[in-house]
Amino acid sequence: MSSSVSPLAPKHVPDMPVIAGVRLATAEAGIRYKNRTDVLLAVMDKGTAVAGVFTRSKCPSAPVEWCRAKLKGGKARALVVNSGNANAFTGKTGRSSTALTAKIAAKAVGCSESEIFLASTGVIGEPLDATKFDGVLGRLAETAEPGDYLAAAKAIMTTDTFPKVATATVKLGKAKVTINGMAKGAGMIAPDMATMLSFIFTDAPIAPAALQALLKSGVEDTFNAVTIDGDTSTSDTLLAFATGAAAEHGAPKISRASDPRLKAFVKAFNQVLANLAEQVARDGEGARKLVEITVEGAKTKASARKIAMSIANSPLVKTAIAGEDANWGRVVMAVGKAGEPADRDKLSISFNGIRVAKSGARDPDYDEAQVSEAMKAPEIAIKVSLGLGKGRDRVMTCDLTKEYVAINGDYRS
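The model shown is predicted, which means the values in this text are computed figures rather than measured ones.

Caption draft 1: Expanded view of the environment of H12. Tracing the backbone through its elements, the reader meets H12 in the segment before strand 1 (22–27). Considering only alpha carbons, one finds H12 and G30, 18 residues apart in sequence, at a separation of 31 Å.

Below you can see the structure in the form of structure tokens.
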């Protein structure tokens, strides 16, 4: 966790309303950090539905494997998250740690171990001493209150410079339902899943299968459209919990994601995901520029996504942006190497609305001074027009600075 807040941090932090059926508590368990909270316990009422999307890394962490296995049950009573240690690449010891953590949490909450969900973030390869949760989780279960999401978001931070929270309220049937979310992530961020860790809570009465479908769909243009450094974490976990408490106030019970009554809810749900995903991009390690890359005129949306990601993950593009250099040649390079259909002589590129390249060459009206001034802005929009079809997509990233190297060079120190 950095001592200086990213200059791209949101200027406004929303007030996070209470969600019926969810209680939160944090503590200092001494996992790795000193004098700061590093464990979060979220306790949910009986009957809470759960859905999850996880990293596609072939070397997943022990908590990811645990959650995947328990997700089949569709119900959750508690979530335990620790920062400072990812419990990844820890072999049998890691699996034993997850089992012990779940056992301690289940006893504290009074539920089955199959209803406990786990997430860990931090250093890879270091054994996690789960005995440190003994006593801590019991105390947290007793003191948990339906409240402080900001404190919860702070407890799960590692190299993050600010806690990430988002909320939305929407009508479902005759009832008002709330969606709260938190996330952590600043580095080792790339799609599949690009969340590092994120948790969504709602009081809407949505069945597990429907919630899973909503989550899987919603993540594609939000968290999976964010990249910081092109590195997919071993630990990326996005979990959604629906307590169903709003049913008491007239919210209909939803069993299918295609239910037309969900239209407004889905929009709000995806807005929370998008808000959190953008905050991750804003907090990229060492970031000084938030970068939005839009590719249009591609053969397909999938093709546009691949080209946009090729640009977003290019160290040459990202360092040029850090240097406030509108180096469109590097964008051309990234388009060309993506392996997707592209025609050099139809290509147009703009930076912050100023076209710098047209029809495969420098724009005749190119003004170096004008573009250089535009590149000083904290938010940079790169637009690439391919002129081949109707495919369009956008991704979020950030620049690549010397501080990124410093942060990651000292990460285990």
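Caption draft 2: Focus on helix 3 (residues 136–143). Among the residues of helix 3, V136, L137, L140 and A141 are the ones counted as buried. Down the axis of helix 3, the buried side of the element spans an arc of 130 degrees, and every buried residue falls inside it. Close packing links the buried residues of helix 3 with strand 1, strand 2 (39–44), strand 4 (78–85) and helix 2 (91–109).

Caption draft 3: Here's a closer look at the pattern of salt bridges. Tallied over the entire structure, the rule returns 18 salt bridges. The shortest N-O distance in the salt bridge between D393 and R305 comes to 2.6 Å. Of the two residues, D393 sits in strand 15 (residues 391–398) while R305 sits in helix 7 (residues 301–312), which places them 88 residues apart along the sequence. R305 shares its class with D393; the two are buried. The salt bridge involving D363 is made with R355; its shortest N-O contact spans 2.5 Å. Judged by relative accessible area, D363 falls into the buried class, the value being 3%. Because the salt bridges share partners, they merge into one network encompassing D160, K164, K184 and D283.

Caption draft 4: Up close: the environment of R282. Considering the arrangement of structural elements, one finds R282 in helix 6 (residues 263–282). The class of R282 is buried, set by a relative accessible area of 14%. Separated by 121 residues in sequence, R282 and T161 place their C-alpha atoms 9.9 Å apart. If we skip the residues at most four places from it in the chain, R282 touches S6, L8, P10, F162, A287, L290 and E379. Among the polar contacts made by the side chain of R282, one reaches the main-chain carbonyl oxygen of L8 at a distance of 3.0 Å.

Caption draft 5: Seen up close, the sheet that holds strand 13 (residues 361–362). With mixed pairing, the 6 strands of this open sheet are ordered in space as 13-12-11-14-10-15. On the outer flanks of this sheet lie strand 13 and strand 15, each paired with one strand and no other. Strands in contact with helix 6 are strand 10 (290–298), strand 14 (379–385) and strand 15; relative to strand 15, the strand with the most contacts, it is inclined by about 50 degrees. Strands in contact with helix 8 (residues 315–322) are strand 10, strand 14 and strand 15; relative to strand 14, the strand with the most contacts, it is inclined by about 135 degrees.

Caption draft 6: Structural view of the UniProt feature "binding site: substrate" (unreviewed entry) in the protein. Summarizing the sequence annotation, UniProt attributes the feature "binding site: substrate" (unreviewed entry) to T158, K184, T195, E285, N408 and S413 in the numbering used throughout. For T158, the location among the structural elements is in the loop between helix 4 (149–155) and strand 6 (164–172). Taking the relative accessible area as the measure of exposure, T158 reaches 3% and is therefore buried.

Caption draft 7: Molecular detail of the domain arrangement of the protein. Per the domain assignment, the segments making up the protein are domain 1 (22–283) and domain 2 (290–410). Across the contact, 14 residues belong to domain 1 and 16 residues belong to domain 2. In terms of surface lost to domain 2, no three residues of domain 1 exceed A225, T227 and I228, which account for 38% of the buried area on that side. Between the two partners, domain 1 and domain 2, sit 3 salt bridges. Between D221 and K301 there is a salt bridge; the shortest N-O distance is 3.2 Å. At the surface where domain 1 touches domain 2, the tally comes to 9 residue pairs in polar contact (both at pLDDT 80 or more). Its residues assigned to classes, the side of domain 1 that touches domain 2 shows 5 nonpolar, 4 polar and 5 charged.

Caption draft 8: A look at helix 7. Helix length check: helix 7 (12 residues) gives 16 Å between terminal C-alpha atoms against 16 Å at 1.5 Å per residue, within 8%. A large share of helix 7 lies buried, amounting to 9 of its 12 residues. Buried residues along helix 7 sit against strand 10, helix 8, helix 9 (328–337), strand 14 and strand 15.

Caption draft 9: Layout of the pairing of strand 14. Burial of the side chains of strand 14 is restricted to one face: I380, I382 and V384 are buried, whereas none of E379, A381, K383 and S385 on the reverse face is. Sheet analysis places strand 10 next to strand 14, joined by 7 bridges and oriented parallel. Bridge pairing links I293 to I382 in strand 14. Here strand 11 (residues 348–351) runs beside strand 14; their pairing, made up of 4 bridges, is antiparallel. Of the residues in strand 14, the one forming a bridge with S350 is K383.

Calculation rules
- Residues numbered from 1 in each chain as written.
- Predicted model: local features only at pLDDT ≥ 70, side-chain atom pairs only at ≥ 80, totals over all residues.
- Heavy atoms only, no water.
- Helix = DSSP H or I, 4+ residues; strand = E, 2+ residues; numbered from the N terminus.
- Buried < 20%, exposed > 50% of the residue type's maximum accessible area, 1.4 Å probe, protein only.
- Arc of directions from axis to C-beta.
- Contact = heavy atoms within 4.5 Å.
- Salt bridge = Lys/Arg side-chain N within 4 Å of Asp/Glu carboxyl O.
- Polar contact = N/O pair within 3.5 Å; in protein donor to acceptor, adjacent residues only side chain to side chain.
- Pairing = 2+ DSSP bridges.
- Axes fitted to C-alpha atoms, helices over the stretch in contact; angles between N-to-C directions.
- UniProt positions renumbered as here; feature names shortened; annotations may be inferred.
- Domains from an automatic or database assignment.
- Buried area = accessible area lost by both parts, 1.4 Å probe.
- Nonpolar A, V, L, I, M, F, W, Y, C, P; charged D, E, K, R; others polar.
- Expected span 1.5 Å × (residues − 1).

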